Structures are given as C-alpha cells and as structure tokens.
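What follows is the residue order along each chain.
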Amino acid sequence: MSELPKAYEPQAVEKKWYAAWLEHSCFHADETSEKEAYSIVIPPPNVTGILHLGHVLNNTIQDILCRRARQQGKEVLWLPGTDHAGIATQTKVEQELREKEGKTRRDIGREAFLERVWDWKEKHGGIIIQQLKRLGCSCDWDRERFTMDDDYSAEVGRVFTELFHEGLIYRGKRMVNWCPVSLTALSDEEVVMQPQKSKLYYMKYELVDSPGEFLEISTTRPETLMGDTAVAVNPKDERFEHLIGKKVRRPFPAAEIEIIADDHVDVEFGTGALKITPAHDKADFEIGQRHELEIIDVLHPDGTVNCPECPDLDGLDRFVARKKAAEKLEQLGLLIRVEEYDNNVGFSERAHVPIEPRISMQWFLKYPCVKETADAVASGEITYRPARWAKTHANWMENIQDWCISRQLWWGHQIPVWYRQEKVGELQAAESLDVSDLEAGDIYVGAETPDDGGNWVRDEDVMDTWFSSWLWPFSTMDEATRAKFYPTTDLVTGPDIIFFWVARMIMAGYRFEQQLPFKNVFFTSIIRDLEGRKMSKSLGNSPDPIDLMDQYGADGLRFGLMRTAPVGTDVRFDEQLVAEGRNFANKLYNACRFRQMATSDAVGRHGLMPSEGLRPYHLDIACKLDALSSNLAKSYADYRFNDVGQQLYDFLWSEFCDKFLEAVKGDLRDTATAEAREVTLAVFDAVMSRYLQLLHPYMPHITEELSVRMAYVAEGEFIMQKVYPAEPLVAGGAESSSRADAVYATAGRMRNLKAEYNVATRKDVKFIIIKSKSWLAEETDVLGLLAGGDVEILDGYDAAKGTPAAVTDVGEVYMPLEGLIDVDAEKARLGKEIAKVEAEVKKCEGKLSNKAFVDRAPTELVDREKERRDEWAQKLKQLEEMRASLG
C-alpha cells in the first residue's frame, strides 16, 4: 500500500490520473481486437463552444457507459469531435470584424474572410475539448474529428453529388424561414416558436365600385400592407358572399386589389377578411399560388422596408415601419382600432430575432429512406429512452417536408455546383434547377472542380451544418474502424434535436451504410434551476462547470449531478448536490484511510474473501456487495443512471460505513485477536476493491487513486481497464445476512430508547434481553458496541414499573433506569416538554376550529395543519406515557 495523505485533494489527483490514462493510451480503441465491440459517437459540440451543465450531464452519461463497457471486457470506442457550427461561428467572426475594423465580410472577400474564421477557430476552438478532458471523459482522442476536416468535407461533397444525380437534391424558389440578422435561410427545425404579446390592427379598405363603403380587415403586420395583392374571405362566409370578385383600394401605394374566396380563411379570426401578402406569409403564399396572385416583396433581406413608392416607410426597420404604417392608416381614417393579441412567433434559434417568411431560391433535399427510418423506431429496432420520444419521432416522420439544405453563409461546406460564366445570371434566376438541367451542360455538380478548361463559377451558398452532421456516425470512421465499431451501440443526446440530427442520421445510415447507425438513443433531461427555469446567462442561474470542478472536483460534480437525473424528468439543479458529491468522495477516502491506519502490514488483498473466521457482518456486507452489483446491472440495462448513483451512495454511506465499519471496530482494537483483525481487514479489502470498480464509471479519478494506493490493482494496472469479476464474493450467506440485519435493527431501537430518556451519550447503560434468538449470545459484543452499552441475556426479567422496553427482531429489550437518571428531574423535564407540545396542539386546534380559516384557506394548507395537529398529538401521547412510566 501507499499511504494516503490526511486530506483528499481532488484537483491534483484528477490531473495526475487523466495524464496517466492518456500516457498509457487507456482510451484508445483497437479495431483489430477480438473483444465484443461497444461504441458511441459524441454529439459534436460547436468548435468554439464552452462547457455548460447540459454538456456535463450528457458527456458524463456517455463516459459512464464507456467505462462500464470496459469493465465488461468490451473493446470500447468513444469517438470525439467538434462541429463547425456555420451560423454561430460566422456570426462571431463577423461581429469581431465590424467592431475592430468597421468592415463586413464582403468588404474583405470570401477567401480573406474564411482565413479569419480559421484563425478564430484555431484561437478559440478546442476549449471545450480541454474542458471535457477536465471532466474525465475517456474519449479516443487519437480519432478526434472536425466537420471541416479535408476528408470529412470531401465525404460531404460526395454525398451531395450522389443525391443530386439521384434527383433527390434540387434547387427551387420557395417560401423559407429567413433570418434577417444572419442573412440566411433556416430550416423549420431551426425556428423556435415563442409566445408574444402582439397587437391586432383592425383597418378598412374602400370598395372600388362603391365609394364610401368599406371592407374591414385585420392583421398583425400592417408594415407589409404595400405587398398586399388581394383580400381573401371564406366562400362559406355569408357576410362577404356578395363581395367576392369585387375590388378594394389598397391605400399605399395606391392600387386596386381583388376580393377572392379561399377555404383557408378562418371565419373566426379578426373580421373574417384577410389581407393577402404572398411574399411575406407562408399561408398567403399558398393562397397566392392557388389564385395566381402577383408576389410583391416589400422587405430587404435585413428586414428593412423595400418600397421606394412610400418614401416615408422605405428603409425603415420592419418593427419601426409597423408603427409608422399604423400611424398612416390612422391619418387616412382607415384604422378602426388596435387590440392586444397573444400569438406565437417564430424566432431564429441562433440570432434570437423573429424570422421572416421570404421567397428565396434555395437547395432542397427530398429525404431518403423515410419508411425505413420510421419503421426502425416504431418496431423497436432502434430503442428510444424515454419511450415517449418515439411518438414525437413518428409524428415528424408522418409530416416530413423537403429539407432546405442551403445557407447564405461563407463558413461551411460550399455547395459543389458550378455554373458556366456566361450562364450564371440565367441559371441563378431560374425558378427551379434539378438533374434534368445537366443536359444543357451549363452546370456541373461534383465534389471536384471541373477541369475541362471552361470558365466556371461556383455556387456561393454553403450547406446547412446539419447536412454534414447527419453523416457523423460513419463518416468519422475509416474503413477498419467502421468494420469493427459500426453500427454504434448507444447515442446520448437531447430531445430538442430529434429532428435536426437523430432522425436524419438514421436516414443517412440506411441510405449510405444500408443499416441503422445505432441501437439505443438515450435522451437526456433539461437542467433547470430550483425555480424550474431553464439555465441561461441572462438569468444568472447557470453556474460555470469549471468553477464547480475547481471547488468540488470533477468527480464531485459528476456524482452530484447524476444522482439527480431521473429518466424523462427535468433536473432541478442545486449546488448543494455537488457539495454532497464532494462529501461522498471524502467519506470514501476516509474509509480507506481508516483501513490503512488499522494495520501495520501494508499488503493489499486483491479482492479475496477469507474462507474461515467469518462473522455475520462479514458475510452480510459481502452479500450486499453482490446484491449491489446485480441491482446495478438491472438499472444500467434500463438506463436509470440516477438509480445507479443512489444505490452506490446508499451502499457506502449506510451499509458499509454506518453499519459494517461500526460493527467490526472491535476487531481492530488492540484488545482484538490477530485472527479477528486479519479476517476483518481481508473482508474490507475484498468488498472495497470491488466497490471501487462499481463506483469507477461515476467517479473515475478517486477510484483509480484509491485502488492504487490500497494495492487493489497490480503494478502498472488501471482499474478502468480491469474487468469486473463474474463470480460473486460469497455463495449463500443469506442466513448470516439476516442475523446481521436483525442486530443492526435492534441496535437502532436500543439507541432510540437511550435518546428518549436523554441518555444517548452515556456508555454505562445496561440492556437486558429476554426471549432472545438462540444465536444472539455470540453477537452481544457487537450489539453492545452498536447500541452504546452493555448487553446481558437472561431467561427472565421482572422489570420495574416504567422500565423502557422494546420488542425487537432478536427478543424483548429492557433498559433499566436505575443509576441512569434522576427520576424527579426527568419527570420535571418531561413536564416542560409536555407543556410545550400541549401549546402546539392547542394552536393547531384553534386554527382548525376557525370556520373562516377552514373555508377560505387553500385545501393543501388546511390539510397540512391537520397533519401538524396529528403529529403533535402523537408526540404528546408518547411523552405522557413516558412520564407515567416513571411512576
């Protein structure tokens, strides 16, 4: 053994062991191994991201699964990497360019801008990787990937080309979600709906053929009025039946627009008449397509008004223009009223601003392998945990729409499409573009630049970041690695990206590898604060995980968080739980120090149980360790990580320290025999060595440290690579375990008797037991040690009146009071306690007899008061019985 310092210093220990694991390639996966394979690919964090508690939870679960698999003798690959995060990364670099140089990306050009982005990536990228290492993540860092690596980028280009030639990728002018800050299209999954306090504007358009008569309409967006090309009513709405086909006058810029009938119009919304602006609303666009309406775009890409015919509005921000347009309507006498209106508005997930529906030429993908993907989850071939997310997956698959895969960015995988120089304007303005256009020879689609000597211009757009990420499970692996580790075993991710990533990866797996990409998907919980709010920097309720690790250690953070992460339920984060994780580490450390101080021969036992001299407490703790191992296996199988953590906690704190160590302290005293000492130390080592293995996936650093210090592993061996033994520590032992449980329970009743009579700290207490179990005589030394008094077994006992007694699992226990207490003083003390409790009972009864309180107070408050009254009444009864027993 190597002597343990007096205090545990987690930071130094964690740094030492992580460096040792890296030095000895403990995380490296051998693709030539004959062991059973286990693999996970990390959900790639943004390359410029910073660790937050969501990352801690997600990656701790992955690390637990990987370390657990190694203990089962499997060859483990945990493949790490980072995502280039197109919008997020480009936005940061553009912001820096504006703030430091007052320039835009177009001022310096594409090539120079991308150099800036790569410089930014080298400077700020990789921080999160170092933070994951600090957490203890056992990734195969030799295989770390980045979605903009040359070979990965080539694979993305190959996939685009293949799908284009299959006719699954096409270019078309469609209504898309547009971010006026990032200046790019967004997929539906990148839009977050948020409730908003809006306004509903009621206004009127004059009928052209009936001057002085008006049609009332309502809208939330008067700033797009200049793009109105019709007013729509429901054909079943009798109020407007006579107006269909007539025209109204749009106030500015002045124009006559037709009243049309369309079933889409909700007769209950507003006035029942809807202004139609095909360029700025998805529903309006569809109505416009059905009625062949003109499309008038009155907004620039940045969300400012584009309407030179209205100079007082032209160039204004859309929200400023909204107020200005309402003012103009009011000045013209056309604004009837404005009402408050609650509605849901789509926000850009990255830029956090309302998106704009916008007509734009984009590249789209018709999803491949949709049926296979839906069937894989529905049939259970891929298991979702919690299972409820399978329904969410199914709903999305049933309503799936073509994926807008192009983004108007520069940072990312550029679309591998080239146009003939002389045809650029014509082709880019085309309403659509698909594989049939290849016949013209005016475009080229391929992963490599065309080399026919022609004058080619490449499409400026890049692909959606998720278009590279959907290939992640297999494109990150070379052929040999894929042969061994694909499909992967588990995926751990958040339910918010079921559509972004999970479902798409399943499609890609079936399309390009002809099989599913993973077998199990575990969706993590959302971490909230104690008030139930989501963590955010703006609320100041999101602690920095690095600060927590500095204070409590990585193991303390991991263990504290995992004990509070139930399957399918949001996590309410409390820093006190992390403190408990640190305290738990200290408890474990001190237990091992206690063992070291109890012996002079520095010899580790390597997990061997002695065959002779075992008492019930030895067999009991060994049986409970075996039961723990079995129960943990069941919890792991069900992915109940908080159950695993709680069982590990309860075993060490309650079973091992509070019971076993207290029961065997007599064996470690100077008065004990050498044989008793050796047996107890051997049992300690046998149980602790295995317990450290079971705890290792949750607290890897301290378990490695203690296993080496206690000589539980051979020289040069790591506990993280040690397979957990298949055979149990003991066979049978149920009877001995039952005896130990009876002793522990009885000792607890005896301590309660002492506490009730205010002699809890006295060691001169004597207990008498009658009608005892036949085996109890051999265990009175331990029972007395645990209870804090002497134990005598008698055939019979004539107890004096008032002698405290209890019926226990080992017999009837009496605690004679002679010499322990001053009866008169004790009666006086009890009298004071009774008076206090009587006052509390009276207070409760007073409230409950108050009809106003009972009738008006919330039901839960009244019920709580009744519970308090009953508790105090029970306490009063006990105290009165104790006083009466004293005579």
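As the structure is a prediction and not an experimental result, all values here were calculated from the model.

Digging into the overall build of the chain
Counting its regular elements, the chain contains 28 helices and 30 strands. A compact globule built from 887 residues should have a C-alpha radius of gyration of about 29 Å, whereas the chain, at 37 Å, is more than 25% larger. Taken along its principal axes, the extent of the C-alpha atoms in the chain is 115 × 80 × 55 Å. Sequence separation of 24 or more characterises 80% of the internal contacts of the chain that already satisfy a separation of 6 or more. On the chain, roughly 39,600 Å² of surface is accessible, and the fraction owed to carbon and sulfur atoms is 48%. Computed over 110 positive and 149 negative side-chain charges, the inter-centroid distance for the chain is 5 Å.

Here's the deal with the sheet that holds strand β29 (residues 805-808)
Within the open sheet, the four strands sit side by side as β28-β27-β30-β29. Their pairing is mixed. Since the sheet does not close on itself, it has two edges, and those belong to β28 (790-793) and β29, each with one partner. Taken pair by pair, the neighbouring strands of this sheet meet at an average axis angle of 25°, ignoring direction. Here β29 pairs with strand β30 (residues 811-814) via four bridges, running antiparallel.

Observations regarding the packing of helix α24 (residues 734-756) against helix α25 (residues 780-787)
For the pair α24 and α25, interaxial distance at closest approach is 8 Å and the crossing angle is 40°. Considering their axes alone, α24 and α25 lie oblique with respect to each other. The handedness of the crossing between α24 and α25 comes out as right-handed. Seen from α24, the contacting residues are Val743, Tyr744, Thr746, Ala747, Met750, Arg751 and Lys754; seen from α25, they are Val782, Leu783, Leu786 and Ala787. Split into classes, the residues belonging to the contact of α24 with α25 amount to eight nonpolar, one polar and two charged.

Digging into the environment of Gln130
In this structure, Gln130 sits in helix α6 (residues 127-135). Through-space distance from the C-alpha of Gln130 to that of Gly333 is 64 Å; in sequence the pair is 203 residues apart.

What to know about the sheet that holds strand β20 (residues 443-445)
Read across the sheet, three strands follow the order β20-β18-β21 without closing on themselves; strand pairing throughout is antiparallel. Lying at the two open borders of the sheet, with one neighbouring strand each, are β20 and β21 (456-458). This sheet shows a mean twist of 25° between the axes of neighbouring strands, independent of strand direction. The pairing of strand β18 (residues 417-420) with β20 spans three bridges and is antiparallel. Along β20, the bridge assignment pairs Tyr419 with Ile443. Contacts from helix α7 (residues 150-165) reach β18 and β20, with the element oriented near 120° to β20.

Description of the nonpolar core
Judged by nonpolar contacts, the single largest core of 191 residues is most densely connected at Phe160, Phe467, Trp470, Phe656, Tyr691 and Tyr698. Those residues within four positions of Tyr691 in sequence are excluded, and the remaining contacts are Phe584, Leu588, Leu625, Leu628, Leu648, Tyr649, Phe651 and Leu652. If you look at the next biggest cluster of nonpolar residues, it comprises 29 residues, including Leu225, Cys310, Leu334 and Leu335.

A word on the pairing of strand β5 (residues 169-179)
Of all the eleven residues making up β5, nine are buried; the element is thus mostly covered by neighbouring parts of the structure. Pairing geometry for β5 and strand β14 (residues 356-365), over ten bridges, is antiparallel. Opposite Val176, over in β14, you have Arg358 as the bridge partner. Looking at chain direction, β5 and strand β6 (residues 184-186) are connected through three bridges and run antiparallel. If you follow Asn177 over to β6, its bridge partner there is Leu186. Counting the residues between successive antiparallel strands, the hairpin from β5 to β6 contains four residues, one of them, Leu183, with a positive phi of roughly 55°.

Quick notes on unusual backbone geometry
A cis amide bond links Phe252 with the next residue in sequence, Pro253, at an omega value of -20°. A cis amide bond links Arg385 to the next residue, Pro386, at an omega of -5°. Structurally, Pro386 can be placed in the loop between β15 (383-385) and α11 (389-398). One non-glycine residue, Glu292, lies in the positive phi region at around 55°. Within the fold, Glu292 resides in the loop between α8 (282-291) and α9 (318-331).

The rules behind these values
Residues numbered from 1 in each chain as written. Predicted model: local features only at pLDDT ≥ 70, side-chain atom pairs only at ≥ 80, totals over all residues. Heavy atoms only, no water. Helix = DSSP H or I, 4+ residues; strand = E, 2+ residues; numbered from the N terminus. Rg over C-alpha atoms; globule rule 2.2 N^0.38 Å. Contact = heavy atoms within 4.5 Å. Areas by Shrake-Rupley, 256 points an atom, 1.4 Å probe, with all protein chains shown as cover. Lys, Arg positive; Asp, Glu negative; His and termini not counted. Charge placed at Lys NZ, Arg CZ, Asp CG, Glu CD. Pairing = 2+ DSSP bridges. Axes fitted to C-alpha atoms, helices over the stretch in contact; angles between N-to-C directions. Parallel < 35°, antiparallel > 145°, perpendicular 65-115°, else oblique. Left-handed = near helix turned anticlockwise from the far one by under 90°. Nonpolar A, V, L, I, M, F, W, Y, C, P; charged D, E, K, R; others polar. Core = buried A, V, L, I, M, F, W, Y, C linked by side-chain atoms within 4.5 Å. Buried < 20%, exposed > 50% of the residue type's maximum accessible area, 1.4 Å probe, protein only.

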